[in-house]
Amino acid sequence: TVDTELSGVWDAITKTQNGVKENKAQITVNANEISTKVSTDELPAAINNQLKPYDDSLKSLQDSYTDVKKTIDNMASDGIISGADKKATRTIWLQIQTEYPATVAQAENNSVDHSSLDTSYNTLSAYLEPILNAGGDTTVDPTEWDRNFSNYYNASFNVNTAIVAALRKLAQDGYDK
């Protein structure tokens, strides 16, 4: 079922966010250590090694988003969101509602602009809530359905990418001190 297929996506999203939280302090400490232990020639490799888990998490997040977007695209391919589709969409929407504030908090903690994510989240919410609250089957424009979800997932991925870039800069700045 769609719920089962999405459990891996949610796990990947949660793992990525938890990894960012858990390792930020370690990157700060390691960035300070890098400045005393690494030569200029070795710095790029040292930073890349330190941030490899983040880069791997971003790749996993991108793969998860691709999978969930396929699921979402399939739901609306006939232009009808059925009761079963709404149940699956509610699960996805709940995951987004949980993910969004965590991503915003990470962005703010790392001085990353998240305005595009805010806009896409609010647009998706305004679009999705009436569909989910309607009884029975709901007719949708598949292109608009796909676009609203894609805009959110693309913005979320871009903000997460910017968070990793900010962490990379933090490590570089530790060397430059």
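Look a little higher up for the structure.
So, a few notes on the structure that sits alongside this text.

What counts and what doesn't
Residues numbered from 1 in each chain as written. Predicted model: local features only at pLDDT ≥ 70, side-chain atom pairs only at ≥ 80, totals over all residues. Heavy atoms only, no water. Helix = DSSP H or I, 4+ residues; strand = E, 2+ residues; numbered from the N terminus. Contact = heavy atoms within 4.5 Å. Salt bridge = Lys/Arg side-chain N within 4 Å of Asp/Glu carboxyl O. Buried < 20%, exposed > 50% of the residue type's maximum accessible area, 1.4 Å probe, protein only. Core = buried A, V, L, I, M, F, W, Y, C linked by side-chain atoms within 4.5 Å. Phe/Tyr/Trp six-rings, centres within 6.5 Å; stacked < 30°, edge-to-face > 60°. Expected span 1.5 Å × (residues − 1).

1. Examining the overall build of the protein chain
Now for step 1: Each helix and strand counted, the protein chain has 5 helices and 2 strands in total.
Now for step 2: The helix and strand sequence of the protein chain, counted from the amino end, reads α-α-β-α-α-β-α.
Now for step 3: A separation threshold of at least 6 residues defines the contact pool for the protein chain, and within that pool the share at least 24 residues apart is 85%.

2. Topic: the pattern of salt bridges
Now for step 1: Counted according to the given criterion, the structure contains 1 salt bridge.
Now for step 2: The salt bridge partner of Asp63 is Lys59, with a shortest N-O separation of 2.9 Å. With a gap of 4 residues between them, Asp63 and Lys59 both fall in helix α2 (residues 43-75), about one helical turn apart.
Now for step 3: By relative accessible area, which is 35% here, Asp63 ends up partly exposed.

3. Things to note about the side chain of Asp118
Now for step 1: In this fold, Asp118 is placed in helix α4 (residues 115-133).
Now for step 2: Non-local contacts of Asp118, meaning those with residues more than four positions away in its chain, are made with Tyr100 and Val104.

4. Quick notes on unusual backbone geometry
Now for step 1: In this structure, Ser111 takes a positive phi of about 55 degrees despite not being glycine.
Now for step 2: As for its placement among the helices and strands, Ser111 is situated in the loop between α3 (83-109) and α4.

5. Describing the nonpolar core
Now for step 1: Counting 35 residues, the largest nonpolar core has Ile92, Ile96, Trp145, Phe149, Tyr152 and Tyr153 as the members making the most contacts within it.
Now for step 2: Taken together, the elements giving at least two residues each to this core come down to α2, α3, α4 and α5 (142-176).

6. Focus on the packing of aromatic side chains
Now for step 1: Using the criterion set out here, one finds 7 aromatic pairs in the structure.
Now for step 2: Look at Tyr65 and Tyr153: their rings are 4.7 Å apart centre to centre, the planes differ by 50 degrees, and that puts the pair in the tilted class. Of this pair, Tyr65 sits in helix α2 while Tyr153 sits in helix α5; the two residues are 88 residues apart in sequence, bridging distant segments of the chain. Of the two residues, Tyr65 and Tyr153, both sit in the buried class.
Now for step 3: Taken together, a centroid distance of 5.4 Å and an interplanar angle of 75 degrees make the contact between Tyr152 and Tyr153 edge-to-face. The residues Tyr152 and Tyr153 share a single accessibility class, namely buried.

7. A look at α3
Now for step 1: A rise of 1.5 Å per residue sets the reference length of α3, with its 27 residues, at 39 Å; its end C-alpha atoms lie 39 Å apart and thus fit the reference within 8%.
Now for step 2: Ser111 sits one or two residues past α3 and shows a positive phi near 55 degrees.

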